[in-house]
Amino acid sequence: MKKINKVVLAYSGGLDTSAIIPWLKENYGCEVVAFAADVGQGDEELEGLHEKAIASGASECYIVDLKEEFVSEYIFPTITTGAVYEGEYLLGTSMARPVIAKAQVDVARKVGADALCHGCTGKGNDQVRFESTFAALAPELQVIAPWREWDMVSREDLLAYLAERNIPTTASATKIYSRDANAWHISHEGGELEDPWQEPTKQVWTLTVDPEDAPDEAERVTLSFEKGRLTKVNDEALSPYEALVKLNTIAAAHGVGRIDIVENRLVGMKSRGCYETPGGTVLLKAYKALETMVLDKASFKYREQIALEYSHVMYDGRWFTPLNDALLAGAASFAKRVTGDIVVKLYKGQATVTQRRSPNSLYSEDFATFGADDVYDQSHAEGFIRLFSLSSRIEALKKQ
């Protein structure tokens, strides 16, 4: 293994990455450059991050604003696929990892680093997502994953390690939950959630109002799309990130977007997590409602097949692959028709589509009406049904 002179660490300011900085310097004798991504997790998460990194031993700390890129280039394309992992998870953490890892590679090239490092555990999905991106974009750079190398196994070990080196930290041994936040969602794992029979307590949820405490009056929000892209919320033109922030604020107040699931991790084990995705829940509902207006049956069926496959591509960290490109291209071809307006009613944790319109709509009141019409001869259905069921008729006649 060649000597490492400079490594760029994906840095959050938390306990793990605070310990990783001195550990890298001691075990690899290298300079450590900290890198943090702003993907909309909130200013409070980034406050004092530069100072923390330097205090832990980093030579530099780059904080890169990725909010608009994350929403525009990763979230919006994923929405066009309709991807929802295992029927419930809206892929919040999964979508953020490729944009973060790509920016980390960019910083590594900028500072002339010869290695990349992350603080992901050997039990999780994120190690695969980060390292798959590194492999696709910078295969020449060495990857260091401390959780797969060091002998520390607990928060107490990490706290003791920092204390021995007089490195300050605000972390404590009593952290209850593991959380990951960005513009799309916040996830919660650990604590009582490790028991799937335990109902989440109120302290689990941090982003949305408890549906039981939500307003007694429903609120309606209008989403406007052009060729698959959300362009307006309540008739206000907004950037992709601004639109998502506004939807988050509106939907969170009504307790929309909570899920509590057991999912299959890529590494083979099951995990239980609670997710809050208020704006994303509304956005996906609206997008699919508009698709049902503008896509014919065969097209919509194929787009649903893309959704299933793409949910695994995204979850498994395969963004920078030919398969990802092909699936996104297929979804984009359908998205060209997705133009129009959708009204979603928000009430006590529920998001319900109530109104829909599109200049590309295939819906015709003349054909669909239950009243009298002059455009559809119902007697024609008999011939269609005979042909549609012909194979069943032949099979039955053979048995006779």
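Residues numbered from 1 in each chain as written. Predicted model: local features only at pLDDT ≥ 70, side-chain atom pairs only at ≥ 80, totals over all residues. Heavy atoms only, no water.

Remarks on a nonpolar patch on the surface
Taken together, the side chains of Phe384, Ile385 and Phe388 define a hydrophobic patch exposed on the protein surface, amounting to about 390 Å² of accessible area. Residue placement: Phe384 occurs in helix H13 (residues 380–388). (Patch = residues over 30% accessible without salt bridge, like charges linked within 9 Å, V, L, I, M, F, W, Y side chains within 5 Å. Areas by Shrake-Rupley, 256 points an atom, 1.4 Å probe, with all protein chains shown as cover. Salt bridge = Lys/Arg side-chain N within 4 Å of Asp/Glu carboxyl O. Helix = DSSP H or I, 4+ residues; strand = E, 2+ residues; numbered from the N terminus.)

Observations regarding the pattern of salt bridges
Per the stated rule, a full pass over the model turns up 22 salt bridges. Here Asp180 makes a salt bridge to Arg97, at a shortest N to O gap of 3.1 Å. You can see Asp180 sitting in strand S6 (residues 178–181) and its partner Arg97 sitting in helix H5 (residues 92–111), a full 83 residues away along the chain. Pair check on accessibility: Asp180 and Arg97 agree, each one buried. When salt bridges with common partners are traced through the structure, they connect Arg97, Asp126, Arg129 and Asp180 into a single cluster. (Buried < 20%, exposed > 50% of the residue type's maximum accessible area, 1.4 Å probe, protein only.)

Observations concerning helix H1 (residues 15–28)
The end-to-end C-alpha separation of H1 is 20 Å, in line with the 20 Å expected for 14 residues at 1.5 Å each. At Pro22, H1 shows its largest bend, some 25 degrees. The buried fraction of H1 is high, at 10 of 14 residues. Residues Leu15, Thr17, Ser18, Ala19, Ile20, Ile21, Pro22, Trp23, Leu24 and Tyr28 constitute the buried set of H1. Close packing links the buried residues of H1 with strand S1 (6–10), strand S2 (31–38), helix H3 (49–56), strand S4 (115–117), strand S5 (142–144) and helix H7 (155–164). (Expected span 1.5 Å × (residues − 1). Bend = angle between axes of the 7 residues up to and from the residue. Contact = heavy atoms within 4.5 Å.)

Quick look at empty space enclosed by the protein
Overall, the coordinates contain one cavity of 30 Å³ or more when judged by the stated rule. Counted as a void, the largest cavity has a volume near 30 Å³. Lining the largest cavity are Thr78, Ile79, Ala83, Leu90, Met95, Trp184 and Leu284. Class assignment for the residues of the lining of the largest cavity results in six nonpolar, one polar and no charged. (1 Å grid on protein atoms, 1.4 Å probe; cavity = no way out; pocket = protein on both sides within 12 Å on 5 of 7 lines; lining within 4 Å. Points joined across faces, edges and corners; volume = space filled by probe spheres on them. Nonpolar A, V, L, I, M, F, W, Y, C, P; charged D, E, K, R; others polar.)

Quick look at the nonpolar core
In terms of nonpolar packing, the biggest core is built from 81 residues, with Leu223, Val282 and Val344 touching the most fellow members. No other element matches H5, which puts 10 residues into this core. Listed in part, the 30 residues of the second largest apolar core include Ile4, Cys117, Leu158 and Ile167. (Core = buried A, V, L, I, M, F, W, Y, C linked by side-chain atoms within 4.5 Å.)

Notes on the side chain of Thr81
Considering the arrangement of structural elements, one finds Thr81 in helix H4 (residues 67–81). If we ignore the near neighbours within four places in the chain, the residues touching Thr81 are Arg303, Ile306, Ala307, Tyr310, Leu328 and Ala331.

What to know about a negative patch on the surface
On the surface, a cluster of negative charge is made up of Asp43, Glu44, Glu45 and Glu47. Tracing the backbone through its elements, the reader meets Glu44 in helix H2 (residues 43–46). (Lys, Arg positive; Asp, Glu negative; His and termini not counted. Charge placed at Lys NZ, Arg CZ, Asp CG, Glu CD.)

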